[in-house]
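Tertiary structure, described
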Amino acid sequence: MATMLAPLEQSNLTYGGVPLKRCPLKRYTLLERSYSPSHPDPGWRAPVEASERGSPRFFLVDGVGCNSSAERAVLRQVLKGRPIQRVLPIIISQYLIDLPLVDALEEHPLRTFSPEEADWFIVGAAPYSSEVLSRLELLGGRTGHLSRMRALAACLRRLSQRVVTKRSRMGHATKMKSLPLFVPIPTLNLQNTVGVDTLHELLAYNQNNAPVSLGIFDRSSAFSGGTNLRYLTLWNQSVVLPHIASPLLAKHARRTLNPAKAFWSVASPLRARLRRMAHSETRRGFVFHGDFGRFDAGARDAMRNLASYLRNPHTFVARGDMNRDTANSGVAVDQNASSLSKLPSIGPHGEGVPSSAHLLEQKAATNTSTSMLGASLCFAPQGDIMSSRRLFDALAAGCAPVVLKSIGDGPKEYLLGNLPFHHTVNWREVALFIAPRGIQRGESPGWKRNKACRIREAAWLDAWHDEPERLARLRRNGQAAFLASMDVEYNPRGVADALLQVTPILHVPATLHTQPNDATHATPRATHIAPVGYGS
């Protein structure tokens, strides 16, 4: 335990029996807390009393233009009861959050059918689902998608004018009060998905009525394309949602709680192997499967060099150009082009038929999931954006995530950015966070300039690996947090609950922001409240 608690600045850490040199850099951007076996496990939940957290009642705006029932029905027919990743390529399936989320919100007990009783408006549209259908050439293809987005803009315009068409036999219009608005738009490029008209209506509502919060998967996406920066106000008020994890790992997480489920009883060599690994408390080693060719400011190159100094076993399956970042730093990536060959064809009954390229991708994904189930710690570095599905896969697998980011000279709390539901999940109890010091683009293998830093960082991770009790606590907390609040595909109700627990802190009552010169039309204003997970 003494080694584990020793700060990295101390000189008594060793590597191969040799005392480690000090890292020449003064900043140590690691997040860890003191630990003793006698200390009670604080658990994965954020330290906020349930009475303070609260959950508001909401009105689901699903009138003409804001209703996505037709798109979701067609997409469900394409999936035909199969996991999303089994039919659609991962570059699409991991972001298809709005499909299960809107389904869950429709059936949520906090939904009210009276606008007067609501605290929030939530738009029932599913823009990304509509865009996916356009790629599959369904419901009118791209033309149909653009038409639906124009209808969404018109719906938001009516809402901004405080008039909404209620769905009734008479189709009459009723005046509604202005309330904060939430719209799920999980996409890398807002303008490409919902169109300029919709974004202008959202900005108008945010300025003239009440705060608008978008449901996205990474705030850093605002900088992945120049058009996004025009709508930075909306990005800053957004709520980060989880990626959709690997179905194999998500099912594993659920069945870990109930081993009697039929999945484990079916005779299969793969399932027998997964069952042994799932229930093993002696899982060992580090794992990373993925690309190195990312615009990540050198995070993955530093991770590779750090891993070369690990004492414990580690498995790296890497592909891609190691130095891609050096030539085109900051250039947006077209993630749609690589997915075209993996799109399914549509069968005679509207079902998706996976392509051969997608089946190969599935085989690689299964290998990655199997490796995660056998490891103790899984690297989850930033990629083209700060977040990655790899983090949620690790949580589901019961593999402690090691989140690596490049945060420059920012405070270490920046490591906790772009993570979902800080007011529900205490992230420091479910993952390890590290910003490799002296990080540089194109840090080649054997890079000597920051060798002392990488060795000490590896020693820190090895010390974690060598504390099985402490590591088991982290793994259990991570899996429990995933099951309760981040399993989008198999527990969308839990994701909806976590989302609603975040909304109370996104604004404060209008009485606290009354304008002296216009008290009659005072509306809530967005506030920036530091998530409790940051200081936990």
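In this convention, every chain numbers its residues from 1, walking through the sequence in written order. Reporting of local features is limited, given that this is a predicted model, to residues whose pLDDT is at least 70; pairs of side-chain atoms are given and counted only at 80 or more, and all residues count toward the totals for whole chains, interfaces and linings. Side-chain numbers here rest on the full set of heavy atoms in the structure, without hydrogens or water.

1. Considerations on the state of the cysteines
- The term disulfide is used for any two cysteine sulfur atoms that are within 2.5 Å. Considering all chains together, one arrives at two disulfides under this definition.
- Across the disulfide, Cys66 is cross-linked to Cys155 (sulfur-sulfur distance 1.9 Å). Between Cys66 and Cys155, the disulfide has an S-S torsion of -115 degrees and is therefore left-handed. With a gap of 89 residues between them, Cys66 in the loop between β4 (58-61) and α3 (69-79) and Cys155 in helix α8 (residues 141-160) connect regions that are remote in the sequence. Taken individually, Cys66 and Cys155 each receive the classification buried, so the pair is uniform in this respect.
- In this model Cys378 forms its disulfide with Cys399; the gap between the sulfur atoms is 2.1 Å. Working definition: helices are DSSP H or I runs of at least four residues, strands are E runs of at least two. Numbering for both runs from the N terminus. Categorising residues by exposure relies on relative accessible area from a 1.4 Å probe, with only protein chains included: less than 20% of the type maximum marks a residue as buried, more than 50% marks it as exposed, and the intermediate range marks it as partly exposed.

2. A look at unusual backbone geometry
- Of note in the backbone geometry, Glu137 takes a positive phi value of approximately 60 degrees without being a glycine.
- Here Glu137 lies in the loop between α7 (127-135) and α8.
- Classification of Glu137 as exposed rests on a relative accessible area of 61%.
- Of note, Asn418 is a non-glycine position whose phi angle comes to about 60 degrees, a positive value.
- Using a relative accessible area of 14% as the deciding quantity, one classes Asn418 as buried.

3. Remarks on the packing of helix α17 (residues 389-397) against helix α19 (residues 468-486)
- As a rule, the C-alpha atoms of each element are fitted with a line to give its axis, helices using only the stretch in contact, and angles between N-to-C directions run from 0 to 180 degrees. α19 packs onto α17 with a crossing angle of 115 degrees between their chain directions and a minimal axis gap of 7 Å. As the angle between them shows, α17 and α19 are arranged roughly perpendicular. Like other packed secondary-structure pairs, α17 and α19 cross with a definite hand, here left-handed. Facing α17, whose interface residues are Phe392, Leu395, Ala396 and Ala397, α19 presents Gly478, Gln479, Phe482 and Met486.
- Only Asp, Glu, Lys and Arg are considered charged, only Ala, Val, Leu, Ile, Met, Phe, Trp, Tyr, Cys and Pro nonpolar, and every remaining residue, Gly among them, polar. Across the contact of α17 with α19, the residue classes tally to six nonpolar, two polar and no charged. Reported orientations rely on four angle classes, namely roughly parallel under 35 degrees, roughly antiparallel over 145, roughly perpendicular from 65 to 115, and oblique for the rest. Each crossing gets its handedness from the near helix: less than a right angle anticlockwise from the far helix is left-handed, clockwise is right-handed. Should any heavy atoms of two residues lie within 4.5 Å, those residues are counted as being in contact.

4. Considerations on the pattern of salt bridges
- Salt-bridge detection follows one rule: a side-chain nitrogen of Lys or Arg within 4 Å of a carboxyl oxygen of Asp or Glu. For the structure shown, the criterion picks out twelve salt bridges.
- The partner of Arg72 in a salt bridge is Asp103, with the nearest N and O atoms 2.4 Å apart. One end of the pair, Arg72, is in helix α3; the other, Asp103, is in helix α6 (residues 98-106), and 31 residues separate them in sequence.
- One salt bridge connects Asp103 with Arg76, and the closest N-O pair in it is separated by 2.6 Å. Highlighted residues: Asp103 in helix α6 and Arg76 in helix α3, separated in sequence by 27 residues.
- One connected set of salt bridges, linked through shared partners, spans Arg72, Arg76, Asp103 and Glu106.

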